[in-house]
Amino acid sequence: MTLLNPPSSDILVTVKNMTKTFNTGKGLHKRQVHALRNVSFELKKGRALALVGESGSGKSTVARLLTRMHLHNSGEVLYRGQDINEFNTHRELAQYRKNIQMIFQDPYGSLNPAHTIYHHLARPLFTHGHVKTKIQAIEKVNDLLRLVELDPEATASKYPHQLSGGQRQRVSIARTVAIGAEIILADEPTSMLDVSIRLDILKLLNKMKNEQDMTFLYITHDIATARYFAEEIAIMYQGQIVEWGNTSSVIDNPQHPYTQLLLSAVPNPHISFTEAAIEGSELLEQANTIREKSMAPIVETVEYNSQHFYAQHD
Ligand SMILES: Nc1ncnc2c1ncn2[C@@H]1O[C@H](COP(=O)(O)OP(=O)(O)OP(=O)(O)O)[C@@H](O)[C@H]1O
């Protein structure tokens, strides 16, 4: 796949022909899972790339390879032009991992129930040398909480279980700022939240992008939120990126049959991200669930449209 733009200082991460195969099972049950094949994309400073695809298409594997939780089998991942496989010392790897942080579906899983919100934010501030004294830490933690639109007085002394899901996700976002990350890998960050809260969290992520110049890989199966948040979109299908480009262009003029299939399940992918669009994305989720249950094969024809889709699954 050819890259969209020539390399420039705006490009923080370049992924070229990344491939990942997992070996599973033992003896006669040994088999290979080709999770990613020749995946290529770029992450640009202060912008978001949405990685959209159905369950099992390889989205989370991309994120795990970027954090070096797993190693890719072939291809290249360059961070500011440097191959991430060359970060060999503990210091180099720690520095890289500081810069590239993940936000998960379930913020509760990444917060320690035994510690207060103050502790979650103050600890990385001390660890990464952003503050030296307790007074500085309290001030900075309060700033971070205000940045993510939480009331410091009402939040800092609480424990994760005392917050709502949306508030916990705000703390996770504040934590990435406390660490000093420049790239956020957001893996379905709103999918476990109430529909009414999703838009608020997306707005906050947008604010981080626009005001803090943060860079995002936004993993989702929801085209409506991708359209709202991401300047570029990459459509994944069975471990491959089948289409990658400017979000509006891909949505307005999808080239690949699978992209056309995804879009056919969204009532109106062209409207801006409103409550109505969230409802649309829910419909897409329902459609995906129906299809997953029936294990129906993807029909690779351009004529495939929503009528066919629903008729097959009635
Ligand atoms: N550690 C692993 N060992 C074996 N197979 C794996 C492993 N991690 C992922 N896979 C397989 O790789 C493929 C891609 O999985 P991945 O989790 O990346 O998909 P996904 O698009 O993120 O799905 P979802 O939206 O459900 O999270 C799947 O077939 C999955 O079973």
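Cut-offs used in this document
Residues numbered from 1 in each chain as written. Predicted model: local features only at pLDDT ≥ 70, side-chain atom pairs only at ≥ 80, totals over all residues. Heavy atoms only, no water. Salt bridge = Lys/Arg side-chain N within 4 Å of Asp/Glu carboxyl O. Helix = DSSP H or I, 4+ residues; strand = E, 2+ residues; numbered from the N terminus. Buried < 20%, exposed > 50% of the residue type's maximum accessible area, 1.4 Å probe, protein only. Expected span 1.5 Å × (residues − 1). Contact = heavy atoms within 4.5 Å. Pairing = 2+ DSSP bridges. Axes fitted to C-alpha atoms, helices over the stretch in contact; angles between N-to-C directions. Polar contact = N/O pair within 3.5 Å; in protein donor to acceptor, adjacent residues only side chain to side chain. UniProt positions renumbered as here; feature names shortened; annotations may be inferred. 1 Å grid on protein atoms, 1.4 Å probe; cavity = no way out; pocket = protein on both sides within 12 Å on 5 of 7 lines; lining within 4 Å. Points joined across faces, edges and corners; volume = space filled by probe spheres on them. Nonpolar A, V, L, I, M, F, W, Y, C, P; charged D, E, K, R; others polar. Parallel < 35°, antiparallel > 145°, perpendicular 65-115°, else oblique.

In the nomenclature of an unreviewed UniProt entry, the protein chain is known as ATP-binding cassette domain-containing protein of Motilimonas cestriensis.

(A) Seen up close, the pattern of salt bridges. Per the counting criterion, the structure on display carries 9 salt bridges. For Glu 182, the salt bridge identified is with Lys 45, shortest N-O distance 3.9 Å. One end of the pair, Glu 182, is in the loop between helix 6 (165-179) and strand 7 (183-187); the other, Lys 45, is in the loop between strand 2 (31-44) and strand 3 (48-53), with 137 residues separating them in the sequence. Among the residues examined, Glu 182 registers a relative accessible area of 14% and is labelled buried. Between Glu 149 and Arg 170 there is a salt bridge whose closest N-O contact spans 3.4 Å. One end of the pair, Glu 149, is in the loop between helix 4 (134-147) and helix 5 (152-155); the other, Arg 170, is in helix 6, with 21 residues separating them in the sequence. Each of Glu 42, Lys 44 and Glu 232 takes part in a single network of salt bridges with overlapping partners.

(B) Summary view of helix 6. The first and last C-alpha atoms of helix 6 sit 21 Å apart over 15 residues, in line with the 21 Å expected at 1.5 Å per residue. Burial within helix 6 is extensive, with 12 of its 15 residues counted as buried. Among all positions of helix 6, only Gly 166, Arg 168, Gln 169, Arg 170, Val 171, Ser 172, Ile 173, Ala 174, Thr 176, Val 177, Ala 178 and Ile 179 are buried. Taken together, the buried residues of helix 6 touch helix 2 (90-99), strand 6 (100-103), helix 3 (117-127), helix 4, strand 7 and helix 7 (195-212). Just downstream of helix 6, Gly 180 is the residue with a positive phi angle, here 95°.

(C) Molecular detail of the sheet that holds strand 2. As summarised here, the arrangement of the 4 strands in space is 2-1-4-5, forming an open sheet in which the pairing is antiparallel. Strands with a single pairing partner mark the edges of an open sheet, and in this sheet they are strand 2 and strand 5 (82-83). Where strand 4 (residues 74-79) lies against strand 5, 2 bridges are found, and the strand directions are antiparallel. When the bridges of strand 5 are listed, Tyr 79 appears paired with Gln 82. Sitting on the sheet, helix 1 (residues 59-66) is in contact with strand 1 (11-24), strand 2 and strand 4, with an inclination near 70° to strand 2.

(D) The environment of Thr 215, seen in detail. Structurally, the position occupied by Thr 215 is in strand 8 (residues 215-220). We classify Thr 215 as buried; its relative accessible area is 0%. For Thr 215 and Leu 199, which are 16 residues apart along the polypeptide, the C-alpha to C-alpha distance reads 19 Å. Ignoring anything within four residues of it in the chain, the contact list for Thr 215 reads Leu 12, Leu 43, Lys 44, Lys 45, Gly 46, Arg 47, Glu 182, Ile 183 and Ile 184. At a separation of 3.0 Å, a polar atom in the side chain of Thr 215 contacts the main-chain amide nitrogen of Gly 46.

(E) Region of the structure containing the UniProt feature "domain: ABC transporter" (unreviewed entry) in the protein chain. Under the UniProt annotation, the feature "domain: ABC transporter" (unreviewed entry) is placed at residues 13-263. The span residues 13-263 is 40% helical and 27% strand by assignment, and the distance between its end C-alpha atoms comes to 28 Å.

(F) Representation of empty space enclosed by the protein. Overall, the coordinates contain 3 cavities of 30 Å³ or more when judged by the stated rule. Empty space within the largest cavity amounts to approximately 60 Å³. Together, 10 residues line the largest cavity, and Glu 188, Thr 190, Ser 191, Thr 220 and Asp 222 are the ones closest to its centre. A per-class count over the lining of the largest cavity returns 2 nonpolar, 4 polar and 4 charged.

(G) Summary view of the packing of helix 6 against helix 7. Following both chains from N to C, one finds helix 6 and helix 7 inclined at 10°, their axes separated by 10 Å at the closest point. Comparing their axes, helix 7 and helix 6 come out roughly parallel. Each of Gly 166, Gln 169, Arg 170, Ile 173 and Val 177 in helix 6 lies in contact with helix 7, whose residues at this interface are Ile 197, Asp 200, Ile 201, Leu 204, Leu 205 and Met 208. Residue composition of the contact of helix 6 with helix 7, by class: 7 nonpolar, 2 polar and 2 charged.

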